[in-house]
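Spelled out, the chains give:
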Amino acid sequence: LIEALRESGVLEPARLTGLEVGLAASGRDLPRTGAQHPVTLEPEMSAIAAGQALLRQQLAAWRNIEPAVRLGDDPDALHQLRVTCRRLVAMLRLLESVPLPGALRLRRRLQAVMRRTSAVRDLEVQCGELEAINEVLPARDLDAVIEPLRRRRARSHNTLLRMLDSSRVRQLLAALDDLATSTP
């Protein structure tokens, strides 16, 4: 049937992924990212060059995972964003010790962003654990507990989206991009 539909021209390959369709429906686009390549650190690289290369890698990882965080369908996406954030903090600590001007200030701002993601992540974990337990309960006794948590999680997710859309976070990411590419 699929072959016949393809040959007749009724069925065409999708031009957009499901994620792209969903983002377009909500008026958003996927962030533009370059090709992802592992960072190669060379012995002759300075600490600043190594730190900047790793910083660029983690910024690319942030941009790759952020759309899934925004959609909120994948509970692991926010966890991955938080891991990326911790790695960015680690790179900034390296750049602070070199020292590279601005690294300390940006690290503190990034840590504040990460703290604000904690509530959403905690609620995702709580809901996930309770839903798994509830699946095996014969009378689904935890529905009354889970539903308020789901509502709190939805409100927290909306707060997270507003934070990600804020000029403060956008400026932070732009400043991190500048730090990752500037010549000290």
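Notes on the structure follow. Note that the structure is predicted; figures quoted are calculated from it, not measured. (Residues numbered from 1 in each chain as written. Predicted model: local features only at pLDDT ≥ 70, side-chain atom pairs only at ≥ 80, totals over all residues. Heavy atoms only, no water.)

1. What about helix α6 (residues 143-165)?
Okay, so step 1: Taking 1.5 Å of rise per residue, 23 residues should cover 33 Å, and α6 covers 33 Å from first to last C-alpha, within 8% of that figure.
Okay, so step 2: Among all positions of α6, only I146, L149, R153, S156, H157, L160, L161, M163 and L164 are buried.
Okay, so step 3: On the buried face of α6, the contacting elements are α3 (47-71), α4 (75-97), α5 (103-136) and α7 (167-181). (Helix = DSSP H or I, 4+ residues; strand = E, 2+ residues; numbered from the N terminus. Expected span 1.5 Å × (residues − 1). Buried < 20%, exposed > 50% of the residue type's maximum accessible area, 1.4 Å probe, protein only. Contact = heavy atoms within 4.5 Å.)

2. Focus: α7
Okay, so step 1: In this model α7 runs 21 Å from its N-terminal to its C-terminal C-alpha over 15 residues, within 8% of the 21 Å that 1.5 Å per residue would give.
Okay, so step 2: For α7, every residue scored as buried is listed here: V169, L172, L173, L176, L179 and A180. Viewed along the axis of α7, the buried residues span an arc of 120°, placing them on a single side of the element. In this structure, α7 carries S167, Q171, D178 and T181 as exposed residues pointing more than 90 degrees from its buried face.
Okay, so step 3: Its buried side turned inward, α7 meets α3, α4, α5 and α6. (Arc of directions from axis to C-beta.)

3. Examining the side chain of Q52
Okay, so step 1: Inspection of the secondary structure puts Q52 in helix α3.
Okay, so step 2: On the basis of relative accessible area, Q52 is assigned to the buried category, the value being 7%.
Okay, so step 3: In terms of polar contacts, Q52 uses its side chain to reach the backbone carbonyl oxygen of S182, at 2.7 Å. (Polar contact = N/O pair within 3.5 Å; in protein donor to acceptor, adjacent residues only side chain to side chain.)

4. A word on the nonpolar core
Okay, so step 1: If you look at the biggest cluster of nonpolar residues, it comprises 32 residues, and the most contacted ones within it are L55, W62, V69, L92, L110, L176 and L179.
Okay, so step 2: If you list the elements that add at least two residues to this core, you get α3, α4, α5, α6 and α7.
Okay, so step 3: Looking at this core element by element, the count peaks at nine residues for α4.
Okay, so step 4: Sequence-distant contacts of L179, defined by excluding residues within four places in its chain, comprise Q52, L55, L92, L95, L100, P101, A103 and L106. (Core = buried A, V, L, I, M, F, W, Y, C linked by side-chain atoms within 4.5 Å.)

5. Focus on the pattern of salt bridges
Okay, so step 1: As enumerated under the stated definition, the model contains nine salt bridges in all.
Okay, so step 2: We note a salt bridge from R170 to E66, for which the minimum N-O separation is 2.7 Å. Highlighted residues: R170 in helix α7 and E66 in helix α3, separated in sequence by 104 residues.
Okay, so step 3: Relative accessible area serves as the criterion here: at 5%, E66 is assigned to the buried category.
Okay, so step 4: Taking the shortest distance from any N to any O, the salt bridge between R121 and E124 comes out at 3.6 Å. Pair noted here: R121 and E124 are both in helix α5, with a separation of three residues, about one helical turn.
Okay, so step 5: Residue class for R121 comes out buried when judged on its relative accessible area of 19%.
Okay, so step 6: Using a relative accessible area of 10% as the deciding quantity, one classes E124 as buried.
Okay, so step 7: Through salt bridges with shared partners, a single network forms among E66, R70, D165 and R170. (Salt bridge = Lys/Arg side-chain N within 4 Å of Asp/Glu carboxyl O.)

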